[in-house]
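Commentary on secondary and tertiary structure
Take a look at the letters that make up each chain.
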Amino acid sequence: MKFKLTLSYLLFVSLLFSTNNLKLVLNSGEILIGKSESLISDSNYRIKSDLLGEVSISKDKVKSFTILTTAKVKASESVETKTVSNDPLPKQTVATNASEKDAQPPIISDLYGKVKLLNAPKSWSGNLRVGMNLSFGDREYTHTYLRGNLKIQEKNSPHLFRLSGEYNYRETVRSNGIEDVSVDRSHLNFTYRWFFSESWFFQNASNYRMDKLKGIDNELQNIIGYGYRKNFLNSLELLIGSGIGFKDRSIEGIADESTMIINVFQELNWKPSKQIRLNQTLNFYQDPEKLDIYNYEFVLGFNYRFTDLLGFEIRYLMDFDNGITENVKEDSRFQNALIFYF
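Residues numbered from 1 in each chain as written. Predicted model: local features only at pLDDT ≥ 70, side-chain atom pairs only at ≥ 80, totals over all residues. Heavy atoms only, no water.

What follows concerns the overall build of the protein chain. In terms of regular secondary structure, the protein chain is built from 3 helices and 19 strands. Looking at the protein chain as a whole, 35% of its 342 residues are labelled buried. Of all intrachain contacts in the protein chain linking residues separated by at least 6 positions in sequence, the fraction that spans at least 24 positions is 44%. When the accessible area of the protein chain is evaluated, it comes to approximately 21,100 Å², of which 58% is carbon and sulfur surface. (Helix = DSSP H or I, 4+ residues; strand = E, 2+ residues; numbered from the N terminus. Buried < 20%, exposed > 50% of the residue type's maximum accessible area, 1.4 Å probe, protein only. Contact = heavy atoms within 4.5 Å. Areas by Shrake-Rupley, 256 points an atom, 1.4 Å probe, with all protein chains shown as cover.)

In structure tokens:
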């Protein structure tokens, strides 16, 4: 027995020699707290209490003891503790610092913090839109919608780069069990603008699209042009312009074609508040040699930003293609999606 107590003493004497506070829990349930500056014998604990002075307690009357570190902490915080039972072979457990435990953020806040650590350069801004619509009953379908946008422009720089892309896919299962893909389209756009004056800019726009519903296997076009920008009330921006370029596309049932095209574009951006944003765009394309071959796209969108990372979008889009035979020429649709900003 004496050997075991001596072993216990050797294991913890380095801690007891410090100016740490010592908390004793007696077999009767009473608790004594004092400084463990005094040496202890094999049979007694000796502590200094501000109220009782120096106290010697027989070890056989002590159920367990706890070493309280004297690290400087605020009064509202708990200290780190080391609790040791008075068993023949003492067991040491370290309690978690309560202030650190309380400081741990909830799962959502922790995820938010991790996302914020992935901040892009200040010259980058963008968002990712994700939407999914489901229908059940006689006609079941799943519609997936993804759209991303990235804008790069250094502060006070006249050069702007913008990359955007979109993917839509809808699969319908009818009551007879037949599966039908009613939407399968994708679109990619890269635009470069050089504002060589406060209002005027040069633009180069490259576009790629695919639309199985309309029979467009692939379409690539590049247009160079000029535009004019006008600001109103510091929150409304209007851009208009035109350009010329080429179009190379492959349409189901029609031979591949490569033609020259002209383009007229218009863009409106209005931000009445930090949370609300309205935007509208119109692009018109026409073959100057075949005036009956043209297409256009009209987009109207409303965005509401809940937080720095999350928002919501309602969007209306209409596009029309002339010169495509035996396929859907006009397509109009409403879309809604969550927006993740970065």
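Enumeration over the complete set of coordinates arrives at 15 salt bridges. We note a salt bridge from arginine 315 to glutamate 166, for which the minimum N-O separation is 3.4 Å. One end of the pair, arginine 315, is in strand S18 (residues 310-321); the other, glutamate 166, is in strand S10 (residues 159-173), with 149 residues separating them in the sequence. Summarising the burial analysis for this pair, arginine 315 and glutamate 166 share the class buried. One connected set of salt bridges, linked through shared partners, spans Arg209, Lys214, Glu219, Arg249, Glu257, Asp319, Asp321 and Arg333. (Salt bridge = Lys/Arg side-chain N within 4 Å of Asp/Glu carboxyl O.)

What follows deals with the pairing of strand S13 (residues 216-232). With 11 bridges joining them, strand S12 (residues 200-211) and S13 adopt antiparallel strand pairing. Bridge pairing in S13 links tryptophan 200 to tyrosine 228. Hairpin connection, S12 to S13: the antiparallel pair is bridged by 4 residues, and glycine 215 has positive phi, about 85 degrees. Pairing analysis gives 16 bridges linking S13 to strand S14 (residues 236-251), with the strands arranged antiparallel. Residue pairing in the sheet places glutamate 219 in a bridge with arginine 249 of S14. Once S13 ends, the chain turns through 3 residues before running back antiparallel as S14, passing leucine 233 with a positive phi of about 55 degrees. (Pairing = 2+ DSSP bridges.)

As defined by bridge partners, strand S17 (residues 290-305) adjoins S18 across 11 bridges and the pair is classed as antiparallel. Within the sheet, the bridge partner assigned to asparagine 295 lies in S18 and is aspartate 321. Where S17 folds back on S18, the antiparallel hairpin that results is connected by 4 residues. Note that S18 and strand S19 (residues 330-341) share 11 bridges and pair antiparallel. Along S19, the bridge assignment pairs leucine 317 with arginine 333.

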